[in-house]
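Residue strings, one per chain:
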Amino acid sequence: MGDYPSRSDNATAGDLGVTSRHAQGAGAGVYPSSNDEPPVGGGGALPKKARFSVETAFRALSTAAGAMVLVIIVAIAAFLVSKAVPALQKNNGNFLTETTWFPNDAEPVFGIAALAFGTVLSSLLALLISVPIALAIALFLSHYAPKRLATPLGFVIDLLAAVPSVVFGLWGRDYFQQPVRDFSIWLNEYFGWLPIFGGEGPFGQSIMLGALVLAIMVLPIVTSLSREVFQQTPGMNEEAALALGATRWEMIRTAVLPYGKPGVIAAVMLGLGRALGETIALALTLGITFDISFNLIQNGGNSIAANIANSFAEANATGRGALIASGLVLFAITLVVNMTARAIIYRRREFRDSAA
Amino acid sequence: MAKRIEASNVSSYYGDFKAIDSVSMTVEPKTITALIGPSGCGKSTFLRSINRMHEVLPNARIEGRLTIDDQNIYDPDVDVTAVRRMIGMVFQRPNPFPTMSIYENAVAGLKLNGVKKKSILDEAAEKSLRAANIWDEVKDRLDRPGAGLSGGQQQRLCIARTIAVEPQVVLMDEPCSALDPISTLAIEDLMFKLKDRFTIIIVTHNMQQAARVSDKTGFFSIDKTGDPGRLIEYDDTQKIFSNPSQKKTEDYITGRFG
Amino acid sequence: MSVLEQEVPGVVMTPDNIRTRKLPPAVNLGVAVAALVVAAALVLGLGIGNWVLVIVLGAAFYLGGLFFAAGRVEGVRAARNRTMKSLIYAACVLAVLPLASVVWTLVSKGASRLDGDFFGTSMNNISARDPMGGAYHAIIGTLEQVGIAALMAVPLGVLGAIYLVEYGKGRFAATVRFFVDVMTGIPSIVAGLFILSFWVLIVSPYFNDGRPQFSGFAAALALAVLMLPTIVRSTEEMLRLVPGPLREGSYALGVPQWKTILKVVLPTALPGIVTGVMLSIARAAGETAPVMLVAGGAAAINFDPFAGNQQSLALFVYQQAGDASKYAPARAWTAALTLVVLVLALTIAAKLLARRNKLSR
């Protein structure tokens, strides 16, 4: 081997693919038939394969546990539907296009339009803000910072990713609202001609505050996952790029970013999933109105999850059903987002593994 | 195009550890020079010092003077990326970019240099793949992943990638150690062909290979583990393998040591 | 081979000269100062903002100026390299500010009620004008709910992972694996709604004379749903790291597969599995929404997880945050600090364990 401690020597040490294939190979086809003691000194025929054994039972048990995941996903959909349908039947509005939310009235009228719009808008804004910054930090930790700084900093980021969302929500409402209000007023003064920064005020408890708090929350998660991905770039590919005369940034663009792309997409999608489903931070920071507006800085904004948290206590049976129906929509949105992300990752992985 | 490399008193370090101790040698243009020696003797470290890849590793540094046509590549005002464009490198293990196709791999260096025009890229891809003796094998599947080729093909693809940017010197760090005999032969043929255009320095464990391909051979050795590697003898390949002037070289060549 | 250079005049493939001109540090500093001065003159002169805008605008001018200056002296590629580096550093500074503010607020505000009373009493009979009151009941609730959730999710998750690694083959296993991944993305509030419609509204009436009731156990069910996919995922990864020869060695001795898994594979992967479990517990402990939907929250101590409303720390923070009492914010922040300490203690312990784990990557 080389005479220098090249990074490429153990470049594939983190590659799970190799280990897993090996592990499965080991399991495949080797099914010792029985745990029964073989006849001691019996001679005669080999012991027959028992029809029922601990092996069969254990295998069935673990298969059942694996199937449990599918059962739960189906059960979630089934039970949500079963509780949502009665409420939807009493609804006097169109659930998909109605923007108001009066499910507790004698003549209930409610719809998901404004809520779904607010959910998607705040989440997308949050990602728009946080993803570039998160990727920059991840690259800093994996390829710019000296190791002595990168290790503890990475640890801190991991810890921040574990901080409960209610803490970010509380901070956003009590301490971040004022700076955001000042900023909103400034934006309104100079950029008020843009519809997204228009309005008469009051400002502060707005989509912008919610999205910023979401962004700050999602940031450590996306950073931490992307950093791991970037660190797994094979050292020999980085060296190949450098040996072609690439600058550090060009090396990152040729070797690191393409290699990490599926992982980064997964991280971003995970962040999006978190943002879409985030409840408490938005319940604390949004202004809670029921309309569809692109205005980012006026008090207002709402999301499916925040609305559930805010309306749950006062809801009657129909109201609860309506909230469950909105939850079903949220479930569907996150399911689509997640399945898309996974599909992308699996396809990418195949392109790369078809290599080996 | 090919250039002369001159090393005088080059010592390389990893942190406090001295990997090679004051190596001096001159490599003439359009020759193949083989560096041989036992494991850990510093020949790869020396090779990586020539295109400043040594300093990519943390805490690695170098002392002494290394010039390419009388320009010291370690002068403070030297652009590292220019050095590496001028002195290309092929690594021990084939390392095509896993996310790129064969075509993209071949022109990766050109794209870095800002070449965008499709016709030029196409021409350069074909030319370098032909030069690397791999064109006939891949011309029908240029859009397939580069990592899908066999080991020997991958290595030739890496050579194509390296020569596509038209360097003046090509460094090869045990390019055949991960390959089967037939692929090795293909690469050796390729080296003879490339010799017309490039200065080639190759590190190898395989003494037959050194004897077969090189014009000059340098023998590196260490006294014991932890000591820095030294250049024991550097001479015409024929002389090294038939009548070495140093006892150590003779021992190594005849298999009595290492 | 000079065809290339003839056809693309601007491109120097192999530079004859390896020397380069570097942007002197003084110019770098000069660009910075100039950028700030211009920004200040622009902002304050026109009266369009305060020092924050000066800094932001100054940074933008600096990056632009640097790119221009470096592009002139060092060439476009080096300039781009330099500018990207500056951008990356700038992003780090930008991100550190709010995160540091969160941490600082948490510690400084949270310390105000760190007294015995807070950890020894509940909110029972605490009126709006009462400065006392504590989170004892919430801590009890969190520990019970998370504990029960772990008791349910851990065996199920580990068995599921064993299925995926040791037995699962073909389409069904691929489906399970796919949906485990998908399930990690289920929002916690959806898990809460699921348990609400399944357990609280349909099952719990059978145990409570026909009336639905909230309970800590329902919260534990919801948390278990959230923990399950993360446990399966992390355990699966750890089991795959167990070297194949270890298994083969055991099979070669005639040990059946189930025994090999229990006696050889699981013990080898155990530290990694524990790490994954602790991380999932830490995440579950911080969940607010599902607890609110199915345990309801309470002011008094309730040790019984199977009957009646129960509080949790995260929910306590949320409810105190919405409370009009002027003493509520202090309680909210101290509870938040307690929660974060609990979660971080678990996380740090898990990471330390992972670091000592010889199988870990």
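Residues numbered from 1 in each chain as written. Chains lettered and ligands numbered in written order. Predicted model: local features only at pLDDT ≥ 70, side-chain atom pairs only at ≥ 80, totals over all residues.

1. Topic: helix α6 (residues 136-167) of chain C
Then, number 1: The end-to-end C-alpha distance of α6 of chain C is 45 Å, a good match for the 46 Å that 32 residues give at a rise of 1.5 Å each.
Then, number 2: Most of α6 of chain C is tucked away: 24 of the 32 residues are buried. (Helix = DSSP H or I, 4+ residues; strand = E, 2+ residues; numbered from the N terminus. Expected span 1.5 Å × (residues − 1). Buried ≥ 20, exposed ≤ 12 C-beta atoms within 10 Å, placed from the backbone.)

2. Digging into the packing of helix α7 (residues 235-243) of chain A against helix α8 (residues 248-277) of chain A
Residue and element names in this part refer to chain A.
Then, number 1: At their nearest, the axes of α7 and α8 sit 8 Å apart, and the two run at 155° to each other. One way to sum up the angle between α7 and α8 is to call them roughly antiparallel. Both α7 and α8 take part in a crossing whose hand is right-handed. For the pair α7 and α8, contact is made by N237, E238, A241 and L242 and by E250, M251, T254, A255, V256 and Y259, respectively.
Then, number 2: Of the residues that constitute the contact of α7 with α8, the class distribution is six nonpolar, two polar and two charged. (Axes fitted to C-alpha atoms, helices over the stretch in contact; angles between N-to-C directions. Parallel < 35°, antiparallel > 145°, perpendicular 65-115°, else oblique. Left-handed = near helix turned anticlockwise from the far one by under 90°. Contact = placed C-beta atoms within 7 Å. Nonpolar A, V, L, I, M, F, W, Y, C, P; charged D, E, K, R; others polar.)

3. Quick look at the interface of chain A and chain C
Then, number 1: Taken together, the contact between chain A and chain C spans 81 residues of the former and 86 residues of the latter.
Then, number 2: Considering each element in turn, the side of chain A that touches chain C owes the most residues, 21 residues, to helix α2 (residues 54-90) of chain A.
Then, number 3: A per-class count over the side of chain A that touches chain C returns 56 nonpolar, 18 polar and seven charged.

4. Focus on the sheet that holds strand β1 (residues 5-14) of chain B
The strands that make up a sheet are held in pairs by hydrogen bonds between backbone atoms, and each pair lies either parallel or antiparallel.
Residues and elements named next belong to chain B.
Then, number 1: Judged by pairing direction, the sheet is antiparallel, and its four strands sit side by side in the order β2-β1-β4-β5 without closing on themselves. In this open sheet, the two edge strands, each paired with only one partner strand, are β2 (17-27) and β5 (71-72).
Then, number 2: Pairing between β1 and strand β4 (residues 60-68): eight bridges, direction antiparallel. Along β4, the bridge assignment pairs I5 with I68.
Then, number 3: Sitting on the sheet, helix α1 (residues 43-50) touches β1, β2 and β4, and the angle it makes with β1 is about 115°. (Pairing = 2+ DSSP bridges.)

5. What to know about the confidence of the model for chain B
Then, number 1: Averaged over all residues, the pLDDT of chain B is 89; the fraction at 70 or higher stands at 98%.
Then, number 2: Quick note on the complex model: pTM equals 0.85, ipTM equals 0.89. (pLDDT = per-residue confidence, 0-100.)

6. Notes on unusual backbone geometry
Residues and elements named next belong to chain B.
Then, number 1: Despite not being glycine, N9 shows a phi value in the positive range, around 55°.
Then, number 2: Here N9 lies in strand β1.
Then, number 3: Since 12 C-beta atoms lie within 10 Å of it, N9 is described here as exposed.
Then, number 4: Despite not being glycine, N59 has its phi angle at roughly 65°, a positive value.

7. Digging into the sheet that holds strand β6 (residues 87-90) of chain B
Residues and elements named next belong to chain B.
Then, number 1: With mixed pairing, the six strands of this open sheet are ordered in space as β6-β7-β8-β3-β9-β10. Both outer strands of the open sheet, β6 and β10 (230-236), are each paired with one neighbouring strand and no more. Strand after strand, the sheet turns through a mean of 15° between neighbouring axes, direction not considered.
Then, number 2: By the bridge criterion, four bridges tie strand β3 (residues 32-36) to strand β9 (residues 216-221) in an arrangement that is parallel. Across the sheet, T33 pairs through a bridge with K216, a residue of β9.

8. Notes on the environment of V31 of chain C
Residues and elements named next belong to chain C.
Then, number 1: Considering the arrangement of structural elements, one finds V31 in helix α2 (residues 25-46).
Then, number 2: Among the residues examined, V31 registers 21 C-beta atoms within 10 Å and is labelled buried.
Then, number 3: For the pair formed by V31 and A328, sequence separation is 297 residues and the distance between their alpha carbons is 50 Å.
Then, number 4: Residues contacting V31, with those up to four places away along its chain left out, are Y62, G65, L66 and A69.

9. Re helix α10 (residues 304-311) of chain A
Along an α-helix, residues three or four apart share an orientation, since each turn contains 3.6 residues.
Then, number 1: With six of its eight residues buried, α10 of chain A lies for the most part within the structure.
Then, number 2: Within α10 of chain A the residues assigned to the buried category are I304, A305, A306, N307, I308 and A309 of chain A.

10. As for the nonpolar core
Then, number 1: Membership of the largest hydrophobic core comes to 277 residues, with the highest contact counts inside it found for I195, A218, V294, V317 and A336 of chain C.
Then, number 2: With 17 residues, helix α6 (residues 207-231) of chain A is the single largest residue contributor to this core.
Then, number 3: Each of domain 1 (21-110) and domain 2 (119-356) of chain C accounts for three or more of the residues forming this core.
Then, number 4: Aside from chain neighbours lying at most four places away, what touches A218 of chain C is I195, W199, V200, S204, V294 and A295 of chain C.
Then, number 5: A35, A39, L66 and A78 of chain C belong to the second-largest nonpolar core, a separate cluster that totals nine residues. (Core = buried A, V, L, I, M, F, W, Y, C linked by C-beta atoms within 7 Å. Domains from an automatic or database assignment.)

11. Side note on the environment of T237 of chain B
Residues and elements named next belong to chain B.
Then, number 1: Position of T237 relative to the elements: it lies in helix α10 (residues 237-242).
Then, number 2: Along the sequence, T237 and K248 sit eleven residues apart, while their C-alpha atoms lie 16 Å from each other.
Then, number 3: Setting aside its immediate chain neighbours within four residues, T237 contacts A34, A210, A211, S214, D215, K216 and T217.

12. Some details on the pairing of β4 of chain B
Residue and element names in this part refer to chain B.
Then, number 1: Two elements, β4 and β5, share two bridges in a ladder whose sense is antiparallel. Bridging from a neighbouring strand, I68 pairs with Q71 of β5.
Then, number 2: Between β4 and β5, which pair antiparallel one after the other, the connecting turn spans two residues, and D69 there sits at a positive phi close to 45°.

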